[in-house]
Amino acid sequence: MVDKPGGMTSHDVVARLRRLARTRRVGHGGTLDPMATGVLVIGVGRATRLLTYVIGADKTYAATIRLGQSTVTDDAEGDVISTAPAGGVTDEAIRAALAALTGEIDQVPSAVSAIKINGQRAYKRVRDGESVDLPARRVTVSRLDVLAIRRDQPDLVDVDVEVACSTGTYIRAIARDAGLALQVGGHLTALRRTAVGGFTLAEAATLDELEQRAPEVVDLPLAAAAARFFTRRDASPDEAKVLSHGGPLDAVGHAGPYAVFDPAGQLIAIVSERAGRARAEIVLAPA
């Protein structure tokens with residue numbers, strides 16, 4: 001895990017890790033905007049095959065919403081496109097507007113996003129001068145805690161929040177929508193991802209720290225990472241042999257994809273159950 005610095009894209013981080021790890025086989029488990037910092041899960045070698053599951057994990061963020069200004073990107077990276085004095089907005093109104101954005105909501109992603117429209121990223125279309133309308137998507141904001149409401153400037157209000165949400169949730173869009181509800185506009189001025197699934201900021205290394213120990217950049221071996229992220233099933237020697245060759249096992253009633261380990265504790269495969277059989281989604285052990 002990397003503690004991504006501000007000013008870099010997630011792809012920039014992957015490119016740096018490829019150089020440090022001396023392999024092209026590096027990927028990340030969920031994009032962070034250039035402005036954002038914090039947990040970026042990186043997979044190296046065979047572990048890149050687990051990243052599709054990491055991308056779908058719930059995430060938590062610490063963020064600051066500025067009320068009184070709207071920007072083209074819904075964050076501080078973009079130009080301010082409208083202002084309205086927010087000093088008169090009460091704390092109670094702010095808390096109510098944010099409370100309305102919790103639970104299962106239909107959220108319109110930020111227009112300047114990586115979502116593809118007819119094969120082209122939305123942000124590129126916006127930068128090319130197009131008007132982009134993205135459809136709302138159902139997301140879950142399971143927790144949105146207001147940590148502080150700061151009134152350091154007369155016409156602006158800064159709100160520090162902590163958010164726990166499903167994959168695909170745009171914290172920038174929460175800032176935008178809170179500002180719209182309060183009729184003063186809003187955007188994000190700071191964003192730090194503090195957790196992805198069970199992986200937390202406390203375990204993340206900075207790029208400088210990884211540089212010091214290159215090419216040994218892997219903190220968590222493949223089997224340990226899978227044991228942390230998935231429900232575990234231990235296979236017998238015969239089961240391990242069958243599964244490592246792509247064959248099915250008897251179902252044991254585990255919900256969702258889960259990890260199967262051989263008697264030596266090595267990861268064999270990620271499997272899912274259907275019709276009474278446990279079948280591999282991906283096989284990671286050499287046959």
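Residues numbered from 1 in each chain as written. Predicted model: local features only at pLDDT ≥ 70, side-chain atom pairs only at ≥ 80, totals over all residues. Heavy atoms only, no water.

Enquirer: I'm lost on the UniProt feature "active site" (unreviewed entry) in the protein chain in this one. Help?
Expert: Look at the UniProt record and you will see "active site" (unreviewed entry) annotated at Asp33. Along the chain, Asp33 falls in the loop between strand S2 (26-28) and strand S3 (37-40). When its relative accessible area of 26% is taken as the criterion, Asp33 is described as partly exposed. (UniProt positions renumbered as here; feature names shortened; annotations may be inferred. Helix = DSSP H or I, 4+ residues; strand = E, 2+ residues; numbered from the N terminus. Buried < 20%, exposed > 50% of the residue type's maximum accessible area, 1.4 Å probe, protein only.)

Enquirer: Explanation requested: the environment of Val159 in the structure shown.
Expert: Checked against the element boundaries, Val159 lands in strand S12 (residues 156-165). Accessibility expressed as a relative area gives 1% for Val159, which makes it buried. Measuring from C-alpha to C-alpha, the distance between Val159 and Leu188 comes to 9.5 Å, with 29 residues separating the pair along the chain. Contact partners of Val159, with chain neighbours within four places excluded, come to Ala63, Thr64, Ile65, Leu67, Ile94, Leu98, Val146, Ala148 and Ile149. (Contact = heavy atoms within 4.5 Å.)

Enquirer: Is there a simple way to explain helix H1 (residues 10-21) in this structure?
Expert: The α-helix winds at 3.6 residues per turn, so residues separated by three or four positions along the chain end up facing the same way. Taking 1.5 Å as the rise per residue, H1 with 12 residues should run 16 Å; its terminal C-alpha atoms sit 16 Å apart, in good agreement. Among the residues of H1, those classed as buried are Ser10, Val13, Val14, Leu17, Arg18, Leu20 and Ala21. Take H1 and look down its axis: the buried residues cluster within an arc of 165°, on one side only. (Expected span 1.5 Å × (residues − 1). Arc of directions from axis to C-beta.)

Enquirer: I would appreciate a short explanation of the sheet that holds strand S15 (residues 232-234) in the present structure.
Expert: Sheet strands pair via backbone hydrogen bonds, and the direction of the pair is either parallel or antiparallel. An order of S15-S17-S18-S19-S16 is seen for the 5 strands of this open sheet, with the pairing classed as mixed. Two strands lie at the open edges of the sheet, namely S15 and strand S16 (249-250), each paired on one side alone. With 6 bridges connecting them, strand S18 (residues 267-274) and strand S19 (residues 277-283) associate as antiparallel partners. Following the sheet pairing, Val271 is matched in S19 by Ala280. Packing against the sheet, helix H7 (residues 222-229) makes contact with S15, strand S17 (258-261) and S18, and its axis sits at approximately 140° to S17. In the packing of helix H8 (residues 237-244) onto the sheet, the strands contacted are S15, S16, S17, S18 and S19, and the crossing angle to S18 comes to about 85°. (Pairing = 2+ DSSP bridges. Axes fitted to C-alpha atoms, helices over the stretch in contact; angles between N-to-C directions.)

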